[in-house]
Amino acid sequence: MERKTILFICVHNSARSQIAEGLVNALYGDRFLASSGGTVATRVHPGAIQAMAEIGIDISGHHSKSIDVFEGQRFDHVVMVCDDKQSDCPFFPGGKDYIHHAFDDPAACTGTDEEVLACFRRCRDEVRAWIEETLVQKVLELAVDKFLFRFPADLYYSEAGVWVRFEGLRARIGLSDFTQQRNGDVAFAEPKEEGTSVRLGDEVAVVETIKVNLSIPSPVEGKVAEVNGDLLTAPELVNQDPYGKGWLAVLEVEDGEAARGALKTAADYLALAKVQAEAEVLR
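My aim in this report is to walk through the structure given alongside it, one point at a time. Sequence order as written defines the numbering, with residues in each chain counted from 1. Two thresholds apply to this predicted model, a pLDDT of at least 70 for residue-level local features and 80 or more for giving and counting side-chain atom pairs, whereas whole-chain, interface and lining totals are computed over all residues. Water and hydrogen atoms play no part in the side-chain values, which are based on all heavy atoms of the structure.

Another point: the overall build of the protein. Strands are runs of DSSP state E lasting at least two residues, helices are runs of H or I lasting at least four, and both sets are numbered from the N terminus onward. When helices and strands are tallied, the protein shows seven helices and 15 strands. Taken along the three principal axes of its C-alpha coordinates, the protein extends 60 × 40 × 30 Å. Counting over 283 residues, the protein shows a buried share of 47%. Within the protein, contacts between residues at least 6 apart in sequence are counted, and of these 64% link residues at least 24 apart. Here the Shrake-Rupley method, with its probe set to 1.4 Å, supplies the accessible areas, and only the displayed protein chains count as covering residues. Accessible surface, the protein: about 14200 Å² in total, of which carbon and sulfur atoms supply 48%. The charged-residue count follows a simple rule in which Lys and Arg add positive charge and Asp and Glu add negative charge, with His and chain termini not counted at all. By convention, charge coordinates are those of NZ in Lys, CZ in Arg, CG in Asp, or CD in Glu. Positive and negative side-chain charges in the protein, numbering 29 and 46 respectively, have mean positions lying 3 Å apart. Buried, partly exposed and exposed residues are distinguished by accessible area as a fraction of the type maximum, computed with a 1.4 Å probe on protein chains only: under 20%, between the cut-offs, and over 50%, respectively. Contacts between residues were defined by any pair of non-hydrogen atoms, one from each residue, lying within 4.5 Å.

Dropping the structure here:
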């Protein structure tokens, strides 16, 4: 999947935009490629470096940049994180989509070192929450007849209707909302035992519903590292919370990039589900 490009902008490219760039590239680098810039190049604030290091993200190698270095480039998203009252918040003309969301400047905080660091931590957490809500956790919806199916955009999907959430070199899997709805209430769900190696397409779980017994093909090649034990006593979680508590298993994968390449994006899978759902409605 081609990564979306993002340019985060603030005045000095010292704190907020640097934090945003670091978060996106470290946490969602498989989907986005982030850069940052400002009106003038200054320095990356030590508070930003420390706050990010606390969550395991190293931005000590970042450099403050002027947006002039991106002249002639195009970005899918240009995000301005300056305060609304800052008249010198820069504008970059090379964006397909523009978003202005103001965050308080942690570099403007005063007080003890710990009080200043608390400002940077708060900024880090607020920026992360906004990124996840606005750029990552988008949900596509498909309405067919009286049914509504949901497809989180941050997941990958197999043609068999199994979703995959990559967590480093681990892949958490479950039944998509479309798959669980079309097959009815789940009465039994049993993934393969931990330690079981599966190839792409091998049976990774058995799911029994009031309509049909399903052999779930693995959407990735790997080894079962964890299974959802809650399904033994509450298989209905697959229906009630398919993308959350109703997950089936976690697999360890050796080649995450190859695994992603064999799967569909939410938009591609929605198109496939639309054809299947409309065909079933016409029966």
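Residues Phe8 and Ile131 are the most contacted members of the largest nonpolar core, which totals 41 residues. At the level of secondary structure, the elements contributing two or more residues to this core comprise β1 (4-9), α1 (16-27), β2 (32-37), α2 (46-53), β3 (75-80) and α3 (113-136). Ranked by residues supplied to this core, first place goes to α3 with nine residues. Core analysis: the next-biggest nonpolar cluster, separate from the first, contains 27 residues, Tyr156, Phe166, Leu214 and Val224 among them. Residues grouped as a nonpolar core are buried Ala, Val, Leu, Ile, Met, Phe, Trp, Tyr and Cys residues, joined through side-chain atoms within 4.5 Å.

What follows deals with the packing of aromatic side chains. In this scheme Phe, Tyr and Trp rings, the latter by its six-membered ring, pair at centre separations within 6.5 Å, and the angle between planes marks the pair as stacked below 30 degrees, edge-to-face above 60, and tilted otherwise. A complete count under the given rule lists eleven aromatic pairs for this structure. With centroids separated by 5.7 Å and ring planes inclined at 85°, the aromatic side chains of Phe70 and Phe75 adopt a geometry described as edge-to-face. Of the residues examined, Phe70 reaches a relative accessible area of 7% and is grouped as buried. The exposure class assigned to Phe75 is buried, which follows from its relative accessible area of 3%. Between Phe103 and Trp130, the aromatic rings sit 6.2 Å apart at their centres with planes inclined by 85°, giving edge-to-face as the arrangement. In this pair, Phe103 sits in the loop between β4 (95-100) and α3 while Trp130 sits in helix α3, placing the two residues 27 residues apart along the sequence. Members of the aromatic cluster, each reached through a chain of ring pairs, are Phe70, Phe75 and Phe92. Over the ring of Trp247 we find Arg172, and its NZ or CZ is 4.6 Å from the ring centre. Placement of a positive charge over a ring is assigned whenever Lys NZ or Arg CZ falls within 6 Å of the ring centre and within 35 degrees of the normal to the ring plane.

A few words on the pattern of salt bridges. Opposite charge on two side chains lets them pair, provided their charged atoms get close. Just to be clear on terms, a salt bridge is a Lys or Arg side-chain nitrogen sitting within 4 Å of an Asp or Glu carboxyl oxygen. Within the structure shown, the criterion is met by 15 salt bridges. Its salt-bridge partner being Glu203, residue Lys192 comes within 3.3 Å of it at the nearest N-O pair. Here Glu203 lies in strand β12 (residues 203-209) and Lys192 lies in the loop between β10 (186-191) and β11 (197-198), a separation of eleven residues in the sequence. Taking relative accessible area as the criterion, Glu203 reaches 30% and is therefore assigned partly exposed. Through salt bridges that share partners, Glu54, Glu114, Arg121, Arg124 and Asp125 make up one connected network.

Attention now moves to the side chain of Ser158. In this fold, Ser158 is placed in the loop between β7 (156-157) and β8 (162-167). A relative accessible area of 10% means that Ser158 is categorised as buried. Apart from the residues lying within four places of it in its own chain, the contact partners of Ser158 are Pro219, Leu263 and Tyr269.

Our next topic: α3. An α-helical turn contains 3.6 residues, so a residue and the one three or four places further along point in the same direction. Compared with the 34 Å implied by 1.5 Å per residue over 24 residues, the 33 Å span of α3 between its first and last C-alpha is a close match. Residues of α3 that are buried include every one of Val116, Leu117, Cys119, Phe120, Cys123, Arg124, Val127, Trp130, Ile131, Leu135 and Val136, and no others. At its buried positions, α3 is contacted by β1, α1, β2, α2, β3 and β4. Any helix carries an expected span of 1.5 Å times its number of residues minus one.

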